[in-house]
Amino acid sequence: MNRQLLGLTGAFVASVAVALPSSTANSTRVTAKQAALKGIPAVSNAAPEQMVSRLIVKLRSPTASELVRPMSASRVQALSATAGVGMKSVRPMAGNASLLVLDTPLHLSEARAVAARLARDSGVEYAEPDIMFKKVATPNDPRFSEMQWNLFAPSATYTGALTPAAGGGTRSATATGGANLPLAWDVTTGHNSVVLAVIDTGIVNHTDLNNAGVTPFSETYVPNGRFLAGYDFISEGAGGLPTNFVANDGNGRDPDPSDPGDFVTTQDEMAHPLVCDDGQPGPQNSSWHGSHMAGVAAAMTNNALSIASVAWNVRVLPVRALGKCGGALSDIAEAIHWAAGLPVPGVPTNTTPAQVISLSLGSDPDVPCDGTMQSAVNAAIASGAVVVAATGNDFRPDAISVPAKCTGVIAVTAHTINGENADYSNIGAAGGAPPQPTISSPGGGQPTLLGRGGPTDEPSWFGYYIWSTTLWGNTTPSSGGGPGGASTGPNLSGFTGTSAATPQVAAVAALIKSMIPSASPTMIRNFLVTTVRPHPAGGACALPPPMGFMGQCGPGLLDANAAVRAAALVAPPVVIVQPQNTTVFEGQTATFSVAATGAGPIAYQWRRNGTPIAGATSASYTTPAVTIAADNGSTYSVVITNGAGTVTTSAATLAVAPPPPPPPVGGGGGGGSLPFWQLLLLAALSLAARVRASDRTQ
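In this text, all values refer to a predicted model and were calculated from it rather than measured experimentally.

Enquirer: Would you take a moment to explain the pairing of strand 29 (residues 645-648) for this structure?
Expert: Taken residue by residue, a regular strand's side chains alternate between the two faces of the sheet. Relative to strand 29, strand 28 (residues 635-642) runs antiparallel, the two sharing four bridges. Following the sheet pairing, threonine 641 is matched in strand 29 by threonine 646. Connecting strand 28 to the next strand, strand 29, in antiparallel fashion are two residues.

Enquirer: Could you clarify how one ought to interpret the state of the cysteines in this entry?
Expert: In protein chemistry, a disulfide is the covalent bond that joins the sulfur atoms of two cysteines. With the rule as written, the count across this model stands at three disulfides. Across a sulfur-sulfur distance of 2.0 Å, cysteine 276 and cysteine 325 are joined as a disulfide pair. Looking along the S-S bond of the cysteine 276-cysteine 325 disulfide, the torsion reads about 110°, which is the right-handed sense. Residue cysteine 276 is found in helix 7 (residues 273-276), and its partner cysteine 325 is found in the loop between strand 12 (315-320) and strand 13 (327-328); the two are separated by 49 residues along the sequence. Given a relative accessible area of 3%, cysteine 276 falls into the buried group. A relative accessible area of 7% places cysteine 325 in the buried class. Linked covalently through their sulfurs, cysteine 541 and cysteine 553 form a disulfide whose S-S length is 2.1 Å. Given an S-S torsion of about -80°, the disulfide between cysteine 541 and cysteine 553 has left-handed geometry. With cysteine 541 in the loop between helix 12 (521-529) and helix 13 (560-568) and cysteine 553 in the loop between helix 12 and helix 13, the pair connects residues that are twelve residues apart, well separated along the chain. The class for cysteine 541 is buried, based on a relative accessible area of 6%. Described in terms of the sequence order of its bonded cysteines, the disulfide pattern of the protein chain is 1-2, 3-4, 5-6.

Enquirer: Explain the pattern of salt bridges here, please?
Expert: Pairing between side chains becomes possible if they bear opposite charge and their charged atoms approach one another. Considering all chains together, one arrives at 17 salt bridges under this definition. Between aspartate 631 and arginine 608 there is a salt bridge whose closest N-O contact spans 3.0 Å. Pair noted here: aspartate 631 is in helix 14 (residues 628-631) and arginine 608 is in strand 25 (residues 603-608), with a separation of 23 residues, a long-range link. When salt bridges with common partners are traced through the structure, they connect Arg91, Arg253, Asp331 and Glu334 into a single cluster.

Enquirer: I would appreciate a short explanation of the packing of helix 11 (residues 498-515) against helix 12 in the present structure.
Expert: Relative orientation and spacing of two packed helices are given, respectively, by the angle between their axes and the distance between those axes. Axis separation between helix 11 and helix 12 bottoms out at 10 Å; the angle between their running directions is 115°. In the crossing of helix 11 with helix 12, the sense of the turn from one axis to the other is right-handed. On the side of helix 11, the interface is formed by Val505, Val508, Ala509, Ile512 and Lys513, while helix 12 contributes Ile524, Phe527 and Leu528. Of the residues assigned to the contact of helix 11 with helix 12, the class counts are seven nonpolar, no polar and one charged.

Enquirer: Whenever I open this one, helix 8 (residues 289-298) confuses me. Can you help?
Expert: Because each turn of an α-helix spans 3.6 residues, side chains separated by three or four positions in sequence point in the same direction. The element helix 8 is extensively covered by neighbouring structure, given that ten of its ten residues are classed as buried. Among the residues making up helix 8, those that are buried are His289, Gly290, Ser291, His292, Met293, Ala294, Gly295, Val296, Ala297 and Ala298. Where helix 8 is buried, its residues touch strand 7 (132-135), strand 10 (195-200), strand 12, strand 19 (466-471), strand 20 (490-495) and helix 11.

Enquirer: Please clarify how the packing of helix 11 against helix 13 should be interpreted in this entry.
Expert: Contact pair helix 11 / helix 13: the axes reach a minimum separation of 9 Å and the direction vectors enclose 20°. By the angle between their directions, the pair helix 11 and helix 13 is classed as roughly parallel. By crossing handedness, the relation of helix 11 to helix 13 is classed as right-handed. Every residue of helix 13 that contacts helix 11 at Val508, Leu511, Ile512 and Met515 is listed here: Ala560, Ala563, Val564, Ala567 and Ala568. Broken down by class, the residue content of the contact of helix 11 with helix 13 amounts to nine nonpolar, no polar and no charged.

Definitions and limits used
- Residues numbered from 1 in each chain as written.
- Predicted model: local features only at pLDDT ≥ 70, side-chain atom pairs only at ≥ 80, totals over all residues.
- Heavy atoms only, no water.
- Pairing = 2+ DSSP bridges.
- Helix = DSSP H or I, 4+ residues; strand = E, 2+ residues; numbered from the N terminus.
- Disulfide = S-S within 2.5 Å.
- Buried < 20%, exposed > 50% of the residue type's maximum accessible area, 1.4 Å probe, protein only.
- Salt bridge = Lys/Arg side-chain N within 4 Å of Asp/Glu carboxyl O.
- Axes fitted to C-alpha atoms, helices over the stretch in contact; angles between N-to-C directions.
- Left-handed = near helix turned anticlockwise from the far one by under 90°.
- Contact = heavy atoms within 4.5 Å.
- Nonpolar A, V, L, I, M, F, W, Y, C, P; charged D, E, K, R; others polar.
- Parallel < 35°, antiparallel > 145°, perpendicular 65-115°, else oblique.

This is the structure in structure tokens:
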């Protein structure tokens, strides 16, 4: 997504930039969606075919050696004869496939023909080109009310700033499209047992993300708190481009998911137009896309800084699979495997597997979900992970992107502040034929029909965007950006797109998983889909063809509050705050407490050294006066029960210390009251000091 950064003056100049995606700003051109509504032929904007240099091939019966090493020369020679082109084996892949490089790069249509010939071989399960994918672009946090309409209740009024270019001031609108988080947060803000993987461009150090490596600023990501170590899956030869061109960090795969920037120079576009040219004049600045998505989902919240996020307490696993000019199918598929905790040849095991995987990326909508991506999705879902992906930003009224169109994926289209489908967002084919979007989520931008050309259809208004965490840098993390290129370090930027819509759905899925740890991907999907709000009346998704796209936008708008409250009705108890170790003096009492969520009513039974305590049946328990002999070292836990299940907390240990000595009486050196003669002396000295001060001021 090409974007421009417009610096603001006044109160926002030091910390905020507006991202203006050129593909979604107001335009006089007739998009495919607009053409469909007007009943006129759409102007073809088909991009030239990308060149393909690698194929993914899965054999029906690979040898044990082929699962861990490149194919033998004899095997490759036989496959090359079938394909009619020369190939070499590169490496085995997750899912028991192999990556092969073509001796001569081919146009995509030619590569598909080669893959089709290979697939007719009885010993081949599937073969496909290794194509390139693109990114598709009430807390006390001060920016929540100023910027984040997407988290508002749908009845709330959002007032956002207009940039100086639009005359300044503010503009207000009802946040009909808000995801309804404030009431959801009363139920849950997530649990750190849940891991959400963001497969994207990587991550940067930011005060509202990991809050590390910021002062002084470091270009190398520092795992900290809820933000985990992650991995970089971009291979050296991704996309058949020059070595490490896509990676842009000097090497291939490694345990460092730092985002070095995905900036593209004019020279890059000229040298590699089929994958790097975005159709806009001039260079492309770094997007910091992965950091933006991570912040939308799970930025630090309720910390009196910057923005809020959907799931405050879940952990984030940054997985880098997109770089300069996109990312390769083979790298993205293996990133999905690894994120879900599945093995990938040559890569260390992921010790913090994700229960939710967010993919704000996609292919051309006409690309099918073939073997490699569908196999990766199937494996992730089978492991228990929810897979959420963007439908894409191609203005298509009839097709969605891979991996959103893969079976089992929660496919996210986007809507604007008034709830209307965003014009850029891909939707399904007429008649409801699959694949179709699963749900619509806030993505900002220009509405398709309802409100188009109205007051909220304004790219200079904060309410046009989804705001989140980025950097100022135009190129590298330490580079300058903003007005005059003078600003560096952490920043906030506004994006529009199904990219920004996707992590909101993923994060609500993580909230549900926090409440019901045993929830399957299908169960979580059902909670999301059955609790949506309807598309707004008069909007494109509520009107039948040819006036609109009814049946092509998914069942409705994301409603986080309705989803988590539906889950709460069947949720077993989940411990949010465990009892804590406590130290008291002999003769005092000790109080232990616990916090839990789950379907009500919730019952508590405290235990001392594993034995139930009579009458201790509330969320807190206070002991009688304790003694060293009887109580020092005793442990306290609580069994929490509701209609859906039972959980036992960890045990807290009570330490009992000897009582402190009594304070000395009289004027001795440890405190106590002063003798009467000392009080008189102090009073006299104080009076004399006031008299002298008065004499000096006259």
